[in-house]
2 protein chains.
Amino acid sequence: MEKTVIEVEQVAHVLKLLGDKTRLTMVGLLEGSECCVCEFVEVFQMSQPSISQHLRKLRDAGLVREKRKGQWIFYSINKQHIAYPLIQDLLKHMPDQKEKLEALEAEGLRIICD
Amino acid sequence: MEKTVIEVEQVAHVLKLLGDKTRLTMVGLLEGSECCVCEFVEVFQMSQPSISQHLRKLRDAGLVREKRKGQWIFYSINKQHIAYPLIQDLLKHMPDQKEKLEALEAEGLRIICD
DNA sequence: TCAATATATAATTATACACTAATATTTTTA
DNA sequence: TAAAAATATTAGTGTATAATTATATATTGA
């Protein structure tokens, strides 16, 4: 297991961001695969602006990256972030979120690119 | 390493509590040893009510326990809490906080009981 | 080029949060 | 038993946060 030591302030900042069910689940989903905004809207059954605002917070902190693919913007986890190993450790204590994406796929709502 | 899997909501709740520099440091300190309120007041240079309110949040969540020893009330980490293994993993990514207590001790402000 | 789709941003509002000031409670000690 | 010390609680205040609504931007496809 990789280990990074991060200043308390920075850890607190990351934990504050992840101390929200929506954002924490987002990160759990992104650990499994890239997702676009409309997939999050489906998974969370929340409004698109609300989803975008959550993603913006994660992006502003550098925890996720965005990449446009045609009409969609895909988000991915930033494995280069100094807190990424910490986040991985966190996620080990949570149920796997991938079933949410599988449910999407079953409904034909998963966006596949490339 | 012990492993516990906790529901997303519960993890988010714990992370929200620890997403505050003061409370996160408190937990880091308590992982090393019990502390009483006046020690926290010294370490954080914050008002006593503010410290008490932070401790109350941690206590309400069951993350810490309190125990009166004479005129002092000592707080300790609750190793029985379902999120304790998660917290231990978190703390591994932070600098050790014990030097703060050593500094207190050097000033003769550490409260030793028993 | 126009309509539809996907996404972002801005403004607003209601709620949550952290701190301070004031006060209450408990314990020790003189 | 009265005063001091340690801690908790309550009320008030300013700020942060999350959601909604409205609007703007960018891309695709007819």
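In this report, the structure presented in the accompanying data block is examined.

Close to DNA strand D lie 27 residues; His54(A), Lys57(A), Gln48(B), Ser52(B) and Tyr75(B) are nearest. Backbone atoms, meaning sugar plus phosphate, form 63% of the atoms of DNA strand D positioned within 4 Å of the protein. Ser50(A) is positioned with one of its side-chain polar atoms (N or O) 3.3 Å from a phosphate oxygen of DNA strand D. Measuring from a phosphate oxygen of DNA strand D, one finds a backbone N or O atom of Ile73(B) at 3.2 Å. If you list the elements that add at least two residues to the surface near DNA strand D, you get helix H4 (48–60) of chain A together with helix H3 (37–44), helix H4 (48–60) and strand S3 (72–77) of chain B.

At the junction of the two partners, chain A supplies 27 residues and chain B supplies 27 residues. For the pair chain A and chain B, the summed buried area comes to about 2300 Å², and 71% of that belongs to carbon and sulfur atoms. On the chain A side of the contact with chain B, Val8(A), Leu15(A) and His93(A) bury the most area, a combined 29% of that side's loss. The interface formed by chain A and chain B holds two salt bridges in total.

Let us look at the pattern of salt bridges. A complete count under the given rule lists 16 salt bridges over all chains for this structure. Residue Lys67(A) is joined to Glu34(A) by a salt bridge in which the shortest nitrogen-to-oxygen separation is 3.0 Å. Here Lys67(A), found in strand S2 (residues 64–69), pairs with Glu34(A), found in the loop between helix H2 (21–32) and strand S1 (35–36); they are 33 residues apart in sequence, far enough to count as distant. For Lys67(A), a relative accessible area of 39% corresponds to the partly exposed category. By relative accessible area, Glu34(A) is classed as partly exposed at 27%. The salt bridge involving Glu34(B) is made with Lys69(B); its shortest N-O contact spans 3.2 Å. Here Glu34(B) is found in the loop between helix H2 (21–32) and strand S1 (35–36), whereas its partner Lys69(B) is found in strand S2 (residues 64–69), with 35 residues between them in sequence.

Of the two same-sequence chains, chain A is brought onto chain B (RMSD 0.0 Å, axial shift 0.0 Å) by a rotation of 180 degrees. Both chain copies can therefore be described as sitting about a two-fold axis. Take the interface residues of chain A: 100% of them recur as interface residues in chain B, which is what a same-surface contact looks like.

Let us look at the sheet that holds S3(B). Residue and element names in this part refer to chain B. Taken in spatial order, the three strands line up as S1-S3-S2 in an open sheet, and their pairing is antiparallel. Only two strands of the sheet have a single partner each, and these edge strands are S1 and S2. Both S2 and S3 contribute to a ladder of six bridges, which runs antiparallel. Residue pairing across strands places Glu66 opposite Tyr75, the latter belonging to S3. Sheet contacts for H2: S1, S2 and S3; angle to S3, the most-contacted strand, approximately 90 degrees.

Ranked by size, the top nonpolar core spans 68 residues in total, and within it Leu15(A), Leu18(A), Phe40(A), Leu15(B), Leu18(B) and Phe40(B) carry the most contacts. Sequence-distant contacts of Leu15(B), that is, excluding residues within four places in its chain, are made with Leu15(A), Lys16(A), Leu18(A), Gly19(A), Leu24(A), Leu90(A), Leu86(B) and Leu90(B).

On to the protein's contact with DNA strand C. Gln48(A), Ser52(A), Tyr75(A), His54(B) and Lys57(B) are the nearest of the 27 residues found near DNA strand C. Near the protein, within 4 Å, the atoms of DNA strand C are sugar or phosphate in 63% of cases. One of the side-chain N or O atoms of Ser52(A) is found 2.6 Å from a phosphate oxygen in DNA strand C. Contact between DNA strand C and Arg23(B): a phosphate oxygen at 2.9 Å from a side-chain N or O atom of the residue. Going through the elements one at a time, helix H3 (37–44), H4 and strand S3 (72–77) of chain A together with H4 of chain B are the ones with two or more residues in the surface near DNA strand C. Counting residues per element, the surface near DNA strand C draws most heavily on H4(A), which supplies six residues.

Thresholds, definitions, all that
Residues numbered from 1 in each chain as written. Chains lettered and ligands numbered in written order. Predicted model: local features only at pLDDT ≥ 70, side-chain atom pairs only at ≥ 80, totals over all residues. Heavy atoms only, no water. Near = heavy atom within 4 Å. Polar contact = N/O pair within 3.5 Å; in protein donor to acceptor, adjacent residues only side chain to side chain. Helix = DSSP H or I, 4+ residues; strand = E, 2+ residues; numbered from the N terminus. Contact = heavy atoms within 4.5 Å. Buried area = accessible area lost by both parts, 1.4 Å probe. Salt bridge = Lys/Arg side-chain N within 4 Å of Asp/Glu carboxyl O. Buried < 20%, exposed > 50% of the residue type's maximum accessible area, 1.4 Å probe, protein only. Least-squares fit on C-alpha atoms with pLDDT ≥ 70 in both. Pairing = 2+ DSSP bridges. Axes fitted to C-alpha atoms, helices over the stretch in contact; angles between N-to-C directions. Core = buried A, V, L, I, M, F, W, Y, C linked by side-chain atoms within 4.5 Å.

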